[in-house]
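# Coordinates in review
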Amino acid sequence: QVQLVESGGGSVQSGGSLRLSCSFSEDIEDIANTYCLGWFRQVPGKGREGVAAFDNDQNPHYQDSVKGRFTVSLDSAKNTLNLQMNSLNPEDAAMYYCAAGLIFDDDYVLEPDGYNFWGPGTQVTVSS
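Computed from a predicted model, the values in this text were never measured in an experiment.

## Here we look at the pattern of salt bridges
- In the structure shown here, the tally under the stated rule is 4 salt bridges.
- In this structure, Glu49 and Arg41 form a salt bridge, with 2.8 Å as the shortest nitrogen-oxygen distance.
- The exposure class assigned to Glu49 is partly exposed, which follows from its relative accessible area of 29%.
- For Arg69, the salt bridge is made with Asp92, and the minimal N-O distance between the two is 2.7 Å. Within this pair, whereas Arg69 is found in the loop between strand 6 (60-62) and strand 7 (70-75), its partner Asp92 is found in the loop between strand 8 (80-85) and strand 9 (94-101), the two being separated by 23 residues in sequence. The residues Arg69 and Asp92 share a single accessibility class, namely buried.
- Each member of the salt-bridge network shares a partner with another, and the members are Arg41, Glu49, Arg69 and Asp92.

## Notes on the sheet that holds strand 3 (residues 18-24)
- Pairing is antiparallel across the open sheet formed by 4 strands, whose spatial order is 1-3-8-7. Strands at the two margins of the open sheet, each flanked by one partner only, are strand 1 (4-7) and strand 7. Across this sheet, the average inter-strand angle for adjacent strands is 15°, counted without regard to direction.
- Pairing of strand 7 with strand 8, which is carried by 6 bridges, proceeds in the antiparallel orientation. Among the inter-strand pairings, Thr71 is bridged to a residue of strand 8, identified as Gln84.

## Here's the deal with the side chain of Ser21
- Structurally, Ser21 can be placed in strand 3.
- For Ser21, a relative accessible area of 18% translates into the label buried.
- Of the polar contacts made by the side chain of Ser21, one reaches the side chain of Asn82; its length is 3.1 Å.
- If we ignore the near neighbours within four places in the chain, the residues touching Ser21 are Val5, Glu6, Ser7, Trp39, Thr80, Leu81 and Asn82.

## Topic: the packing of aromatic side chains
- Within the structure shown, the criterion is met by 5 aromatic pairs.
- Consider the rings of Phe40 and Tyr115, whose centres lie 4.8 Å apart with planes at 70°: the pair is edge-to-face. Of this pair, Phe40 sits in strand 4 (residues 36-42) while Tyr115 sits in strand 10 (residues 115-118); the two residues are 75 residues apart in sequence, bridging distant segments of the chain. When sorted by exposure, Phe40 lands in the same class as Tyr115, which is buried.
- Where Tyr97 meets Trp118, the ring centres are 6.4 Å apart and the plane angle is 80°; that geometry is what we call edge-to-face. Separated by 21 residues along the polypeptide, Tyr97 in strand 9 and Trp118 in strand 10 bring together distant segments of the chain.
- An aromatic cluster of at least three residues, connected via ring pairs, comprises Phe40, Tyr97, Tyr115 and Trp118.

What counts and how
- Residues numbered from 1 in each chain as written.
- Predicted model: local features only at pLDDT ≥ 70, side-chain atom pairs only at ≥ 80, totals over all residues.
- Heavy atoms only, no water.
- Salt bridge = Lys/Arg side-chain N within 4 Å of Asp/Glu carboxyl O.
- Buried < 20%, exposed > 50% of the residue type's maximum accessible area, 1.4 Å probe, protein only.
- Helix = DSSP H or I, 4+ residues; strand = E, 2+ residues; numbered from the N terminus.
- Pairing = 2+ DSSP bridges.
- Axes fitted to C-alpha atoms, helices over the stretch in contact; angles between N-to-C directions.
- Polar contact = N/O pair within 3.5 Å; in protein donor to acceptor, adjacent residues only side chain to side chain.
- Contact = heavy atoms within 4.5 Å.
- Phe/Tyr/Trp six-rings, centres within 6.5 Å; stacked < 30°, edge-to-face > 60°.

Shown next, in the form of structure tokens:
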């Protein structure tokens, strides 16, 4: 079973940046050949939503609200999935989760229901 652990969350002012990292228990290059790898977020009272993810062809997909501000990347040397978040605003505040899943339709790569493995989450807070 793949194990994931997020890090890098914290508190930042509007306009600031954070870099999240997700550490994988297995070789991430091998995992990426089969699984979609992505970032999701959730606030109290709302469902989990996709933020950014690689499909199993390793093409990135982004939620419209973060396009141009967030960048998802894979670091094979460190065995991590990363999310660079720039120009943060209060609407970005949430618990952020990384996940891996067997998603073979690109239309579902940002949908959380099909993902099998999840990290425990890391909190991001943005103040005005």
